[in-house]
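The chain contents come next:
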Amino acid sequence: SYEMRTPAMPIGTKMPIASFHEHGKLFLNEFDLRTYGGVHGIETELRVLGLSQATDFPMWETINRKVSGEMIAKRMGWWYLDMSGGWFDPPEIARDIASVADTKRAVDRADDGGWRPSAALVIDEDGVLLRNTPNQYYNIDEQMALDAQVDFLAESGVPYDTWLMADVVRNPQLLKGCRTVVFSTLYSI
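Residues numbered from 1 in each chain as written. Predicted model: local features only at pLDDT ≥ 70, side-chain atom pairs only at ≥ 80, totals over all residues. Heavy atoms only, no water.

*Asks:* Explain helix α4 (residues 91-110) residue by residue, including any values.
*Replies:* Under the 1.5 Å per step criterion, the end-to-end length of α4 is 29 Å for 20 residues, consistent within 8% with the ideal 28 Å. Of the positions making up α4, those classed as buried are I93, D96, I97, V100 and K104. In a view along the axis of α4, the buried residues occupy a sector of 100°, so they form one face of it. Seen from the open side of α4, the exposed residues pointing more than 90 degrees away from its buried face are P91, R95, R109 and A110. In the core, the buried residues of α4 are packed alongside α3 (57-73) and β2 (77-80). (Helix = DSSP H or I, 4+ residues; strand = E, 2+ residues; numbered from the N terminus. Expected span 1.5 Å × (residues − 1). Buried < 20%, exposed > 50% of the residue type's maximum accessible area, 1.4 Å probe, protein only. Arc of directions from axis to C-beta. Contact = heavy atoms within 4.5 Å.)

Below, the structure written as structure tokens:
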């Protein structure tokens, strides 16, 4: 989420990336990151500050490494969206993006695939979709509950996998080696 990109804020994902790996799928995170490189078009200074705009280079480095580091740790990818044009134009930002890409390649070369987190978040996608909440367009109660759980897990600093319940029910061995499993949105099982 945009507001969690600010330095010192923990960041986590509720995307079931472990399930993506299980099914041979790739997740690409979109880095719609705002920088001091410019405010253009419909963007206003106040709006971009609320979206965790990097106001100087050290802040940019922290944000870029935090969000890309999460994707590197989860063995997935990302791309940078320069929505307004100019966000990544400062030469030091371009060099930093190249440096992070070099780090990703080095980690990929060294990764033997043997390490896995010993904690997991399991989301019951079917159960949450069966809920009949007051808002017909957006399941806001479930979204807020799941977001709060993800934020809480991220604050712990402990790496974790995120699985869909259907995969875990189909193959409980997927959680082998986990010391902690957090189940979320289990309304009908």
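*Asks:* Which residues make up the pattern of salt bridges, and what are the values?
*Replies:* If you walk through the whole model with that rule in mind, you get 9 salt bridges. In this structure, D102 engages R105 in a salt bridge whose closest nitrogen and oxygen atoms are separated by 2.5 Å. On the criterion of helical spacing, the pair formed by D102 and R105 is a turn pair, its members being 3 residues apart in helix α4. D102 gets classed as partly exposed once you look at its relative accessible area, which sits at 43%. Among the ionic pairs, D108 bridges to K104, the shortest N-O distance being 2.9 Å. One end of the pair, D108, and the other, K104, are both in helix α4, 4 residues apart, so they sit about a helical turn from each other. (Salt bridge = Lys/Arg side-chain N within 4 Å of Asp/Glu carboxyl O.)

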